[in-house]
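# Structural features, examined
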Amino acid sequence: MPSTTPLGRLDDPIATDGDRGFRGINSYLEPTSLEGGFVEISQNMRLEGDLAEARKGLEFKAGNVSFTYSGTDQVFASALFSDPATNSEFIIVATKDKAILWNENNDSGVDIAYPVGETVTSAMTPSFVQAAERLILFRGAGEKPLEWDGDYSTPTTFTVKENLTPGAGRVECPSTTFGIYFANRLIVPQPSDSLYTIVASDILDTDNFYEADSQFRLNRGSAAGGVVGAIGYQENQLIVFQRNSIFLINNITTTSAASVYEVTNQHGCVARKSIAASGPQIYFLADSGVMTLQQGLDPAKGLGVAISKVSGESVPLSQPIQNQFREANLSAADKAVGIVFDNKYYLCLPGTPTSTTNDRCIVFNILTNTWTSVDSFPSGFRIDDFVVINHGTRRRLFAVNDKGWHLVEETDGAVDKTGTIGNASTTSTAVAARLRTRSYSFNSLVVMKWSRGQVGVEVKNGDQFSIDVKTTDPDRTNTVLSYSATADEELLLRFGTGRARGYAAQVELNVTSGRPKFRHVSVEGTQSGLNARREVA
């Protein structure tokens, strides 16, 4: 809340307003309407515990792998591979002629060859799924999947996954683009039947699919748009996302007794990889923004007794930053990818009208229920997928693209170190971070004379940032302070405003080097006196 300092009888009282901390972004509302603690812009920042700090940088990790990147031969798909015998975890990637396993103990990679004559291309939109100890590589509707037995100690090659003599009434694994392993069944789309069909394998047998019991046509011929993705849910239920609808299939363990329910036909999912779960809540990207599915209630079990049915929300979770999605290129949004990690939902998507790759990452803090940053990356860098594996002493998040994999939020100096798989050299780019506060107006539309302000900050040697004051009506932006830290210390930096006028003022913090921690911001101003000009501009 703004406060007023009384002065002499002929002086204008000095009003003070500001924020004691920073909780989240709201760029949808007009900046003068925001609650305390919310900011208009947060780029490459992390808002943690009311502090605002530039994000850590990316660290390239695929330089020592035996591979030659050529553009036509690159990383086409990635996933986590977990060895059930040892609990060792790897990033596995698909290239043109082989798959590569990598973790910190196998820095040069372990090559797993494909069968002679079998390849992978980007046109196949390939993807991995692990089924027990085996790994399946889907290669689209035109090619049969490949399968690997999971033994990397004495690596064997992939084999073509086919069953030329399926059991009675059964068919082999369909050729398709993705699958999930849930309730000991492999569940995949079946494009040979229709765009709306999924089919589940027999239990613990991914080579036999019994269509009579385990095939589900989800509103075939409707405007649902075809199967986009699926995710397992509680009580052996499967949630299936189509382009314009969402369905729930119960009793996946006993498919002969399963039923299909429509959750909603108001929206669906535009990107399979954007689907991510946090407890009973599921996040995904729809045409209208980021939507959620919540745990539902079953009246038959008593009022207020929650079970694992689901219901869709009508208001997008992304409402506070809905303008960011209006700027995104939704025609290329099928490439978007999301993951829940470290109590955050990371969503990467084509962030500008001309983007065709995932060049922006929007971060949602689950602990504070707020969006906290819109991340950008060095020119040409994109994120095609996320993988979480054990690395060092804990689980870490990796961003994977066509040129390799990068450890997320690793370099403390806020420097992105990017590279190309098979090449140990990297390119370093400083993370440029920006935070623009809400507009301070003291709940008045009167033109103010802004006199000074202050910022509380904790710096380390080498941190560099500048402070701008931006006024509204008249519109003006002044750089009022530039600071370079020469020691590790906590500071209270005071600044003038350059005799700025306007009915509202914002403070913008631009970080060009390092990771200063901003604690609070405040500004002071006075209303115009009896002889002052009162027009707005």
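All figures in this text were calculated on a predicted structure; none of them were measured in a lab. (Residues numbered from 1 in each chain as written. Predicted model: local features only at pLDDT ≥ 70, side-chain atom pairs only at ≥ 80, totals over all residues. Heavy atoms only, no water.)

In terms of regular secondary structure, the chain is built from 2 helices and 46 strands. In terms of its C-alpha atoms, the chain occupies a principal-axis envelope of roughly 95 × 60 × 40 Å. Taken across its 537 residues, the chain has 53% of its residues classed as buried. A fraction of 58% describes how many contacts in the chain between residues 6 or more apart in sequence connect residues 24 or more apart. Summed over its atoms, the accessible surface of the chain is roughly 23,000 Å², and 46% of this surface lies on carbon and sulfur atoms. Here the chain contributes 48 positive and 60 negative side-chain charges, whose respective centroids are spaced 6 Å apart. (Helix = DSSP H or I, 4+ residues; strand = E, 2+ residues; numbered from the N terminus. Buried < 20%, exposed > 50% of the residue type's maximum accessible area, 1.4 Å probe, protein only. Contact = heavy atoms within 4.5 Å. Areas by Shrake-Rupley, 256 points an atom, 1.4 Å probe, with all protein chains shown as cover. Lys, Arg positive; Asp, Glu negative; His and termini not counted. Charge placed at Lys NZ, Arg CZ, Asp CG, Glu CD.)

Of all hydrophobic cores here, the largest spans 53 residues; its most connected members are Phe-465 and Phe-518. Contacts of Phe-465, omitting those with residues within four sequence positions, involve Val-457, Val-459, Leu-481, Ser-482, Tyr-483, Leu-493, Asn-510, Val-511, Thr-512, Pro-516 and Phe-518. Counting 20 residues, the second-largest nonpolar core is a separate cluster that includes Phe-76, Phe-81, Phe-90 and Leu-146. (Core = buried A, V, L, I, M, F, W, Y, C linked by side-chain atoms within 4.5 Å.)

Before going further, it helps to spend a moment on the pairing of strand S40 (residues 448–459). By the bridge criterion, 2 bridges tie S40 to strand S44 (residues 501–502) in an arrangement that is antiparallel. The partner of Lys-449 across the bridge, within S44, is Arg-501. By the bridge criterion, 10 bridges tie S40 to strand S46 (residues 517–527) in an arrangement that is antiparallel. Within S46, the position partnered with Lys-449 by the bridge is Thr-526. Note that S40 and strand S43 (residues 489–496) share 8 bridges and pair antiparallel. Bridged to Val-457 within S43 is Leu-491. (Pairing = 2+ DSSP bridges.)

Quick look at the pairing of S46 now. It is a general feature of regular strands that their side chains alternate between the two faces of the sheet. In this structure, strand S2 (residues 14–19) lies alongside S46, joined through 6 bridges in antiparallel fashion. Within S46, the position partnered with Ile-14 by the bridge is Thr-526.

Our focus in this paragraph is the pattern of salt bridges. Under the defined criterion, the tally for this structure stands at 34 salt bridges. Of the charged contacts, one joins Arg-46 and Asp-375 as a salt bridge, the two residues approaching to 2.6 Å between their closest N and O atoms. Here the residue Arg-46 occupies a position in strand S5 (residues 45–48), and Asp-375 occupies one in strand S33 (residues 370–376), the gap between them amounting to 329 residues. Asp-375 gets classed as buried once you look at its relative accessible area, which sits at 2%. For the salt bridge of Asp-385 with Lys-273, the shortest nitrogen-to-oxygen distance reads 3.6 Å. Taken as a pair, Asp-385 in strand S34 (residues 385–391) and Lys-273 in the loop between strand S25 (260–264) and strand S26 (276–278) lie far apart in primary sequence, 112 residues in all. The buried category is assigned to Asp-385, whose relative accessible area is 13%. Since its relative accessible area comes to 25%, Lys-273 is described here as partly exposed. (Salt bridge = Lys/Arg side-chain N within 4 Å of Asp/Glu carboxyl O.)

With that settled, the discussion passes to the sheet that holds strand S10 (residues 98–102). Here we have 4 strands laid out as an open sheet, ordered S8-S9-S10-S11, and antiparallel in their pairing. The open sheet has two edge strands, strand S8 (77–82) and strand S11 (110–113), and neither has a second partner. Here the average twist between neighbouring strands, direction ignored, is 25 degrees. The pairing of S8 with strand S9 (residues 89–94) spans 6 bridges and is classified as antiparallel. In the strand pairing of S9, Ala-77 is matched with Ala-94. (Axes fitted to C-alpha atoms, helices over the stretch in contact; angles between N-to-C directions.)

What follows is about unusual backbone geometry. The residue after Asp-473, namely Pro-474, is reached through a cis peptide bond having omega 0 degrees. Following the sequence through the fold, Pro-474 ends up in the loop between strand S41 (464–472) and strand S42 (476–484). Even without being glycine, Glu-235 reaches a positive phi, approximately 55 degrees.

This brings us to the confidence of the model for the chain. Here the chain averages 92 in pLDDT, while 93% of its residues score no lower than 70. Of the regions scoring below 50 in pLDDT, residues 303–308 engages in 17 contacts with residues more than four places distant in sequence or in other chains. Counting contacts from residues 529–534, a segment whose pLDDT is below 50, to residues more than four positions away or on other chains yields 5 contacts. (pLDDT = per-residue confidence, 0-100.)

Strand pairs in the sheet, formed through backbone hydrogen bonds, run parallel or antiparallel to each other. If you trace the 4 strands from one edge of the open sheet to the other, you get S12-S13-S14-S15, paired in antiparallel fashion. This sheet does not close on itself; its edge strands, each paired only once, are strand S12 (127–131) and strand S15 (159–160). Where strand S13 (residues 134–138) meets strand S14 (residues 146–148), 3 bridges bridge the pair, whose relative direction is antiparallel. Bridging from a neighbouring strand, Ile-136 pairs with Glu-147 of S14.

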